[in-house]
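Spelled out, the chains give:
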Amino acid sequence: MITISLCMIVKNEERVLARCLESAKEAVDEIIIVDTGSNDRTKEIAGSYTDQVYDEVWQDDFSLARNQAFSRATMDYCMWLDADDVITEENRKKLIALKQTLNPDTDMVMMKYVISEDQEGNPLFSYYRERLVRNGQGFLWEGRVHEAITPRGKRIHSDIAVHHRKIGTQDESRNLRIYETMIKNKEVFNERSKFYYGRELMTHGRYQEGIPVLEQFLEGNGWVENKIEACLNLARCFRALGRKQDGINALVKSFLYAAPRGEACFELGRYFQEQEQWREAVFWYETALKLSPPAEGGGFIQWDYYGFLPEINLCVCYDKMGDHKKAYEYHQKSRARKPEEEAVKQNQEYFCALGWTNQTGVQDI
């Protein structure tokens, strides 16, 4: 049976740290916590779970801090969690079982990272991350922000999931400040940093600045999944600036890197829907429904783009085309997924008024 060192970096996490450690403690053999400057009860809480709590000076470098935590590990594998992550009971049992069966020559275990969920607990946004890495094999975190370990060696994809459940607000501008300090210090950006810097600019509404950064990234040799996401981010920038045709071009460009993804097809459908080109919109929405995301590809997956969102908008489009039967079919599908969604409830009232149900306009979102 393999052993696991849980290695964490924390700062002012008194609201969530106990929840995280409670969820993980039964599945790990050692807990190592590096505190980077807390002034709340974080260290006190950490000390109730482990005697391995260390102080490190924060240097605007997540990789440096994570490598410091990993360097103290003594077990077979290093595992990382953020303080606002949770391992559910189901996934904790899976992790304990994995320890019994994992071949000890495995270098890396990829696990799904669920970033957001709907009201029913279904994943909305997820991707695979390097969650367990074999200790003593030279694995290092890289990148001041959005740090990662380069995958190599013998890897497996597990169905174990870690859920990211943030409570409260954090310093939303921290990552962007670090990137801008890197620019000021004339640090060289690798391809991953270019991608995430462009995404940070987009997220902060700095679309004009984000566009050339993302376009420069697409000209390089970045990871294909990041290239696809960069196209989607470019489209969002262009859309926000009213440059719809440029946005369409960015979405179509994503098809050059891999088979079409539901996210891009949905956005194309939305463009045609806004132009009241209902048949074209239907084509792209129905295409999105036919697709399955490459779940183990490592890219970002927004699950509603492969189900609920196309369905509720197909309801609208078919209704506008006068095909109320088809519209009602898609309403029923979207209602089966999210019966409590406000737009679904309004559509239910609309179809009741039409006499399709026993219950005014069809609503999209």
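Just so you know, these numbers come straight off a predicted model, no measurement behind them.

## Focus on unusual backbone geometry
And then number 1: Even without being a glycine, His146 presents a positive backbone phi close to 50°.
And then number 2: Within the element layout of this structure, His146 appears in the loop between strand S8 (141-142) and strand S9 (148-149).
And then number 3: In this structure, Lys186 is a non-glycine residue whose phi angle is positive, near 60°.
And then number 4: Mapping Lys186 onto the fold places it in the loop between helix H5 (174-184) and helix H6 (191-203).

## Examining the side chain of Gln348
And then number 1: Examined against the element boundaries, Gln348 turns out to sit in helix H14 (residues 342-354).
And then number 2: Here His331 takes part through its side chain, which lies 2.7 Å from a polar atom of the side chain of Gln348.

## Re the nonpolar core
And then number 1: Core analysis: the largest hydrophobic core is formed by 106 residues, its most contacted members being Leu6, Met8, Met79, Leu81, Leu95 and Leu132.
And then number 2: The residues contacting Leu95, other than those within four sequence positions of it, are Ile4, Ala27, Met79, Ile87, Met111, Leu132 and Ile160.

## Comments concerning the pairing of strand S4 (residues 77-80)
And then number 1: Across the two faces of S4 the burial is the same, with Tyr77 and Met79 and Cys78 and Trp80 all buried.
And then number 2: Bridging between strand S1 (residues 4-10) and S4 involves 4 bridges; their strand directions are parallel. Across the sheet, residue Leu6 finds its bridge partner in S4, namely Met79.
And then number 3: Pairing between S4 and strand S7 (residues 123-134): 3 bridges, direction antiparallel. In the sheet register, Tyr77 faces S7, and the bridge partner there is Arg134.

## Remarks on the packing of aromatic side chains
And then number 1: Taken as a whole and judged by the stated rule, the model has 21 aromatic pairs.
And then number 2: Judged by centre distance (5.2 Å) and plane angle (80°), the rings of Tyr271 and Phe272 are edge-to-face. Accessibility assignment for this pair places Tyr271 and Phe272 in one class, buried.
And then number 3: Among the aromatic residues, those joined into a ring-pair cluster are Phe70, Trp80, Tyr113, Phe125, Tyr127, Trp141 and Phe300.
And then number 4: The ring of Trp141 carries the charged tip of Arg66 above its face, separated from the ring centre by 5.3 Å.
And then number 5: Just above the ring of Phe217 sits the side chain of Lys227; from NZ or CZ to the centre is 5.9 Å.

## Observations concerning helix H11 (residues 278-290)
And then number 1: A rise of 1.5 Å per residue sets the reference length of H11, with its 13 residues, at 18 Å; its end C-alpha atoms lie 18 Å apart and thus fit the reference within 8%.
And then number 2: Taken together, the buried positions of H11 are Trp278, Ala281, Val282, Trp284, Tyr285, Glu286, Thr287 and Ala288.
And then number 3: Check the buried side of H11 and you find it contacts helix H10 (262-274), helix H12 (308-320) and helix H13 (324-337).

## Details of the pattern of salt bridges
And then number 1: According to the stated counting rule, one finds 30 salt bridges in the structure shown.
And then number 2: Residue Arg206 pairs with Glu209 through a salt bridge whose shortest N-O separation is 2.8 Å.
And then number 3: The shortest N-O distance in the salt bridge between Arg261 and Glu225 comes to 2.9 Å. Of this pair, Arg261 sits in the loop between helix H9 (244-253) and H10 while Glu225 sits in helix H8 (residues 224-240), placing them 36 residues apart in sequence. Accessibility classification places Arg261 together with Glu225 in one group, the buried group.
And then number 4: It is possible to trace a salt-bridge network through shared partners that takes in Arg66, Asp82 and Glu147.

Reading the values: the criteria
- Residues numbered from 1 in each chain as written.
- Predicted model: local features only at pLDDT ≥ 70, side-chain atom pairs only at ≥ 80, totals over all residues.
- Heavy atoms only, no water.
- Helix = DSSP H or I, 4+ residues; strand = E, 2+ residues; numbered from the N terminus.
- Polar contact = N/O pair within 3.5 Å; in protein donor to acceptor, adjacent residues only side chain to side chain.
- Core = buried A, V, L, I, M, F, W, Y, C linked by side-chain atoms within 4.5 Å.
- Buried < 20%, exposed > 50% of the residue type's maximum accessible area, 1.4 Å probe, protein only.
- Contact = heavy atoms within 4.5 Å.
- Pairing = 2+ DSSP bridges.
- Phe/Tyr/Trp six-rings, centres within 6.5 Å; stacked < 30°, edge-to-face > 60°.
- Lys NZ or Arg CZ within 6 Å of the ring centre and 35° of its normal.
- Expected span 1.5 Å × (residues − 1).
- Salt bridge = Lys/Arg side-chain N within 4 Å of Asp/Glu carboxyl O.

As far as function goes, none of this settles anything; it's purely spatial.
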